[in-house]
Amino acid sequence: MTRPMRPAHAIPGLPSAAPRAPESEERLARLGRRAPDRLDEVLALCRLAADPDLALAGVERYVDGAGELPAERDLLEALVLLAGSSRMVPALLARDPRLLRRAARSPFLGRERSEADLRRLLARAVRRLDPDDVAGLLRLLRALRAREIVRIALRDLRRARVKEVTAELASLATACLDAAIRFHDRRLRARHGAPAGLEDREPGAGFCAIAMGKLGARELNFSSDVDLVYVYDRDGQTIGERPLTHFAYFAKLAELVTEAIAKPTEDGFVFRVDLNLRPDGQNGPIVNSVRAAELYYQSFGRTWERNALVKARPAAGDLAVGDELLRQLEPFVWRRSLDLDVLAEIQAMKARIDARAGAEGKDDLKLGKGGIREAEFFVSALQLLHGGRTDGKALRERAVLPALDRLLFAGVVPAKDGDVLADAYLFLRRAEHRVQMVEGAQTHRLPAAGERLGLARGMGYATEEAFEAALAAHRERVAKLFAGLLGAAAEEAPLDPELALLADPDVEAARRAEIASRRGLVDPDRVLAAIDAMARRRTPFSPHGDPAAAVALLSDALGTPDPDQALSHLADFAAALSNPEPYFRMLAQHRRVSRLLLALFGTSDFLSKRFLRHPELIDLLLRQDQVLLEKDAARFRSDLEERLAALPSDLEADDLLERQLGELRRFKNEEVLRIAIHDIAGTIDLPSIARQLSDLAEVCLERCLELAEGEARAKGMLPPSRLCVVGMGKLGGRELGYHSDLDLVFLYRGGGGENHTAYARLAQRFMSFLQMPLREGRLFAIDTRLRPSGNQGALVIGTEGFTRYHMGEALPGGGARDGAAGGVRSQLWERQALLRARHVAGDPAPFAEIEAQVIVPAVYGPREDRAQLAAEIRRMRERMESELAKEASRGKNPKTGHGGLVDVEFAAQFLQLAHGNAHPEIRTGSTPVALERLRAAGLLREAEFEALARGYEFLRRVELRLRIVHDFAIDHLPESGPPLHQLARRLGYYGPAPGDRFLADYARTTGAVRQAFDAVVR
């Protein structure tokens, strides 16, 4: 008795399986009504399909389009075979049911169809088109694609060899490309004439589409992009009535060909086209001459581009042009010896693949661990390493499995490893075809767990578990071989898989955005835009950059107070550089500098923008190992003089002055940046920051005054003696911050008289030099309201007038204000300001005079009534808190608010005013120094000292952090949300709820400060 023949569409070894989906019963009922006599036949065939439910759905879809089932048994079997593994193919059949017969009865169903045959077929069809019928060309190419995809899919499902399937898909793409090139070149010649030297050549001459990647290796998938590089023979001009340069002509041709293949129409597209492998990627021109491409690779080509060129194949158009380029590039691709940089780049490419594999897990056949990409790179990396040798020419093969054979025969890969890798690669590629055939989508991801039975049956396994066991075994073997590639696996540190995905521009945006949010980034769109901008430059984020370096940069950014801002500025940094590659390489080699840079970007918006506006500051940051932590005034002075001395001495006076003022600003910007970087890094303390900023300001003031005096001297308008510049406020107390104005008072010897105008003119010019906006910005903002009579008084004043203003006559009745000596005329706030007065530039004699005649007697004179002084200071403090702090409406104010810096300053100043006469050692303009000296003199108890000193340091740090963020002063704390979170991180609060913990510390600190103030000022 003979056994019945198994249907031609059935997969050997698979048991029959019933449809399981609820909707399958309804489909069977509908099919039963339309073809009742064939329902059992259809159901029996569907039971043997890879996915019975998918098969039923596809059959019904075909019937909806064709109106009936195929009459012949072989056509029905072919339909069920296709429908049981794909939704894509039944969709094509529903549009044109004739495709089923053409595929199932094709003479090329049992054998491979050659590319030459497809080219001839297309050439005949194109000749029948009107020369300008572009729409007709698009329809023709898409019709051929549909017909061939159905045939190739049927061959694949009937167990054609993988290499035949991939080669036929590549032949289809190449033939369509060639037809598009010749069609559009003919049209362009009619408009612009033939390119010079090609008048007697056929259309398409002088232009070549070089196939890269899987198309170049003739290993195309059903849903692959086709990677192309367009090149033309040589530069010149066309010979028609409307001539174009060869570049413009062939760029237009490249655009038209790309559109012909990739443009979606009502008939779909032929293949997606990817041009990112062209010289300079997305930033490069769409087409290059052979010479231009050769120069690019010789000058800028990197190892990943060498790896891509291993698979390069002249595919369509003038193949001789492509051959010439690849011949010229042989020394670039196949190096006879490899230096350490090349090995490092190959290692970086491996690390990127490894990082992506670790992130993808087991669900991605291509990118996951032990996947197709690892197998491909294992082969191509060994080709690069060995193919440049004299005896290595045999290794120069585009396709993976033939190349693996050659590596095996050359003794590079052991036979056992070669067999393992070949078996795994074939298994993975066949599974990839099955996955892509379902929807026709460009995917490599497995269906969700529990939904893989159709894939398993399509691969010849009766159960999902059996398929997954085979898949896991193959992947494990590939992963083991890949891990041992280059013998470097043991030394490689594992990369954070999520950050590897976030850094990879090839990962879908929604997935990266979800990772960004989970990792604490506030604005994923902004972050992805920054990363993608860097991916378009020569940085670790480019598609072929170093993933370890990219992940390290992301990790460093996440450790900053504002990671979103840090990454945005990092992208600006890359954009500001003509070639960012060497800088990013340096950052990868020097992680300390990388962390410092990102800390700056994630901490201070205004300093970052200043840094990026002036590329000359970049070297300062990259030289951090040589930069001093601290400089004193003498070092600032000598450094500035050295820079100014280097300016050309033969410039016109006005030009020289402008150059000097610009150099002053650059010097100040660099030094503020240096101080801020060390501040952010935590390598200098608060007193050092204030001291250096104050010394820097003082040196700049000195030099600006000298420049103003030099200009006045040249014009014959110099006063008889030097102006005296007195620093008040934070400058006087040597407590400057990043945005502090400079409080200045201008003095000269004696009274008014005829020289007053000359002194006033000099002071005004001096101030303009400080505040004049140049390209480098302003030097400093100046505040002169602390002069006698404030804004109502003269800008400059003689020592006699200054003394008269503050001392004058005794008040009526012999009394004195707020407990001061009877001869004091000025108000208390003015004497408090004088506590911080000191000479900062110009002639020191006028200041010495007013110090003896005014400051000592008026500020440090004997106190007649301490209680009255305390009451007056309290009134002033309460008024400031009420009128300036505005905490009720605007939030906490670290300076003038409850328990703020003013409490500390007023407490210290009260004790100085009360005891300065008897204790000269407490006379200082610095608040923290005054607190130390008051404690040492026994005038401040330890408890109050601790509260005030700690409060001052805490609140000053808060103030500096508030003001380092933006290019303007901020007086109030953010109360909630990201701004509070970021401020807390800037102050060193990490972990959960940093803002809440900071606010708790702030409340404790300000409460202790106010309590100490109340204990002192009474």
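In what follows, the accompanying structure is described. Keep in mind that what you see is a predicted model, and the values were worked out from it rather than measured.

### Structural notes on the overall build of the protein
Piece 1. Looking only at helices and strands, one finds 44 helices and 10 strands in the protein.
Piece 2. Whereas a compact globule of 1018 residues would reach a radius of gyration of roughly 31 Å, the protein reaches 40 Å, over 25% beyond that.
Piece 3. Considering the protein as a whole, with its 1018 residues, one finds that 57% of them fall into the buried category.
Piece 4. When contacts within the protein are restricted to residue pairs at least 6 apart in sequence, those whose partners lie at least 24 apart make up 72%.
Piece 5. Within the protein, the 147 negative side-chain charges are centred at a point lying 3 Å from the centre of the 148 positive side-chain charges.

### Quick notes on the packing of aromatic side chains
Piece 1. Throughout the structure, instances matching the rule amount to 23 aromatic pairs.
Piece 2. On the basis of an interplanar angle of 55 degrees and a centroid distance of 5.7 Å, the ring pair of Phe573 and Phe584 is categorised as tilted. Taken together, the positions of Phe573 in helix 25 (residues 563-576) and Phe584 in helix 26 (residues 581-589) put the pair 11 residues apart, joining distant regions of the chain.
Piece 3. The class of Phe573 is buried, set by a relative accessible area of 1%.
Piece 4. Since its relative accessible area comes to 2%, Phe584 is described here as buried.
Piece 5. Centre to centre, the rings of Phe573 and Phe601 are 6.2 Å apart; their planes meet at 55 degrees, and the pair counts as tilted. Taken together, the positions of Phe573 in helix 25 and Phe601 in helix 27 (residues 591-603) put the pair 28 residues apart, joining distant regions of the chain. Each member of the pair Phe573 and Phe601 is classed as buried.
Piece 6. Three or more aromatic residues link up through ring pairs in this structure, and these residues are Phe207, Tyr230, Tyr232, Tyr249 and Phe250.
Piece 7. Directly above the ring of Phe269 sits Arg145, whose terminal nitrogen or CZ lies 6.0 Å from the centroid.
Piece 8. Here the basic side chain of Arg935 rests over the ring of Phe945, its NZ or CZ set 3.9 Å away from the ring centre.

### Topic: the packing of helix 41 (residues 927-936) against helix 42 (residues 942-965)
Piece 1. Close contact between helix 41 and helix 42 brings their axes to 10 Å; oriented N to C, the two are set at 170 degrees. Classed by the angle they form, the pair helix 41 and helix 42 counts as roughly antiparallel. For the crossing formed where helix 41 meets helix 42, the hand is left-handed. Contacts between helix 41 and helix 42 pair Thr927, Pro928, Leu931, Glu932 and Arg935 from the former with Glu942, Phe945, Glu946, Leu948, Ala949 and Tyr952 from the latter.
Piece 2. Class assignment for the residues of the contact of helix 41 with helix 42 results in six nonpolar, one polar and four charged.

### Regarding a positive patch on the surface
Piece 1. Taken together, Arg124, Arg127, Arg128 and Arg186 make up a surface patch of like positive charges.
Piece 2. Mapped onto the secondary structure, Arg186 falls in helix 9 (residues 162-192).
Piece 3. Of the residues examined, Arg186 reaches a relative accessible area of 40% and is grouped as partly exposed.

### Observations concerning helix 30 (residues 633-645)
An α-helical turn contains 3.6 residues, so a residue and the one three or four places further along point in the same direction.
Piece 1. Between its first and last C-alpha, helix 30 extends 18 Å over 13 residues, near the 18 Å set by a 1.5 Å rise per residue.
Piece 2. Among all positions of helix 30, only Ala633, Phe636, Asp639, Leu640 and Leu644 are buried. The buried residues of helix 30 all sit within an arc of 130 degrees when viewed along its axis, so they share a single face. Of the exposed residues in helix 30, the ones pointing more than 90 degrees away from its buried face are Glu642 and Ala645.
Piece 3. Each element contacted by the buried residues of helix 30 is listed here: helix 31 (653-681) and helix 32 (686-714).

### Regarding the pairing of strand 6 (residues 724-728)
Piece 1. Counting buried residues in strand 6 gives five out of five residues, a clear majority hidden from the surface.
Piece 2. Residues of strand 6 alternate between two faces, with Cys724, Val726 and Met728 on one and Val725 and Gly727 on the opposite face, all of them buried.
Piece 3. Note that strand 6 and strand 10 (residues 838-842) share four bridges and pair antiparallel. Across the sheet, residue Val726 finds its bridge partner in strand 10, namely His839.

### Notes on the pattern of salt bridges
Piece 1. Tallying each qualifying case throughout the model produces 83 salt bridges.
Piece 2. The partner of Glu324 in a salt bridge is Arg327, and the shortest N-O contact between them spans 2.9 Å. Taken together, the positions of Glu324 and Arg327, both in helix 14 (residues 319-333) and three residues apart, correspond to about one turn of that helix.
Piece 3. On the accessibility criterion, Glu324 (28% relative accessible area) is partly exposed.
Piece 4. Looking at Arg327, the relative accessible area reads 48%, which means it is partly exposed.
Piece 5. Across the salt bridge formed by Glu432 and Arg429, the nearest N and O atoms sit 2.8 Å from each other. Of this pair, Glu432 and Arg429 both sit in helix 18 (residues 415-439), separated by three residues, roughly a single helical turn.
Piece 6. Each of Arg113, Asp117, Arg120, Glu148, Arg151, Arg155, Glu164 and Glu168 takes part in salt bridges that share partners, so that together they form one network.

### Describing unusual backbone geometry
Piece 1. One non-glycine residue, Arg159, adopts positive backbone phi at about 75 degrees.
Piece 2. Inspection of the secondary structure puts Arg159 in the loop between helix 8 (134-157) and helix 9.

### What about helix 24 (residues 547-558)?
Piece 1. The terminal C-alpha atoms of helix 24 lie 16 Å apart, and with 12 residues this matches the ideal 16 Å at 1.5 Å per residue to within 8%.
Piece 2. Most of helix 24 sits out of view: 10 of its 12 residues are buried.
Piece 3. The complete set of buried residues in helix 24 reads Pro547, Ala549, Ala550, Val551, Ala552, Leu553, Leu554, Asp556, Ala557 and Leu558.

### Details of a negative patch on the surface
Piece 1. Together, Glu652, Asp654, Asp655 and Glu658 make up a region of like negative charge exposed at the surface.
Piece 2. On the secondary structure map, Glu658 appears in helix 31.
Piece 3. Taking relative accessible area as the criterion, Glu658 reaches 51% and is therefore assigned exposed.

### Points about the packing of helix 28 (residues 605-613) against helix 42
Piece 1. One way to put it is that helix 28 packs onto helix 42 with a least axis distance of 5 Å and a crossing angle of 45 degrees. Between helix 28 and helix 42, the interaxial angle falls into the category oblique. Taken together, the residues of helix 42 that come into contact with helix 28 (itself represented by Asp605, Phe606 and Leu607) are Arg963, Ile964 and Val965.

### What to know about the side chain of Glu374
Piece 1. The residue Glu374 is located in helix 16 (residues 372-386) in this model.
Piece 2. Buried charge without a salt bridge: Glu374, with Lys369 as the nearest opposite-charge side chain at an N-O distance of 4.5 Å.
Piece 3. Separated by 2.9 Å, the side chain of Glu374 and the backbone nitrogen of Gly370 make a polar contact.

### Comments concerning the state of the cysteines
Piece 1. Summed over the entire model, instances satisfying the criterion amount to zero disulfides.
Piece 2. Free cysteine: Cys176, not disulfide-bonded; nearest cysteine sulfur from Cys208 at 16 Å.
Piece 3. With relative accessibility at 0%, the residue Cys176 sits in the buried group.
Piece 4. Cys704 takes part in no disulfide bond, and the closest cysteine sulfur, belonging to Cys700, lies 6.8 Å away.

Cut-offs used in this document
- Residues numbered from 1 in each chain as written.
- Predicted model: local features only at pLDDT ≥ 70, side-chain atom pairs only at ≥ 80, totals over all residues.
- Heavy atoms only, no water.
- Helix = DSSP H or I, 4+ residues; strand = E, 2+ residues; numbered from the N terminus.
- Rg over C-alpha atoms; globule rule 2.2 N^0.38 Å.
- Buried < 20%, exposed > 50% of the residue type's maximum accessible area, 1.4 Å probe, protein only.
- Contact = heavy atoms within 4.5 Å.
- Lys, Arg positive; Asp, Glu negative; His and termini not counted.
- Charge placed at Lys NZ, Arg CZ, Asp CG, Glu CD.
- Phe/Tyr/Trp six-rings, centres within 6.5 Å; stacked < 30°, edge-to-face > 60°.
- Lys NZ or Arg CZ within 6 Å of the ring centre and 35° of its normal.
- Axes fitted to C-alpha atoms, helices over the stretch in contact; angles between N-to-C directions.
- Parallel < 35°, antiparallel > 145°, perpendicular 65-115°, else oblique.
- Left-handed = near helix turned anticlockwise from the far one by under 90°.
- Nonpolar A, V, L, I, M, F, W, Y, C, P; charged D, E, K, R; others polar.
- Patch = residues over 30% accessible without salt bridge, like charges linked within 9 Å, V, L, I, M, F, W, Y side chains within 5 Å.
- Areas by Shrake-Rupley, 256 points an atom, 1.4 Å probe, with all protein chains shown as cover.
- Salt bridge = Lys/Arg side-chain N within 4 Å of Asp/Glu carboxyl O.
- Expected span 1.5 Å × (residues − 1).
- Arc of directions from axis to C-beta.
- Pairing = 2+ DSSP bridges.
- Polar contact = N/O pair within 3.5 Å; in protein donor to acceptor, adjacent residues only side chain to side chain.
- Disulfide = S-S within 2.5 Å.

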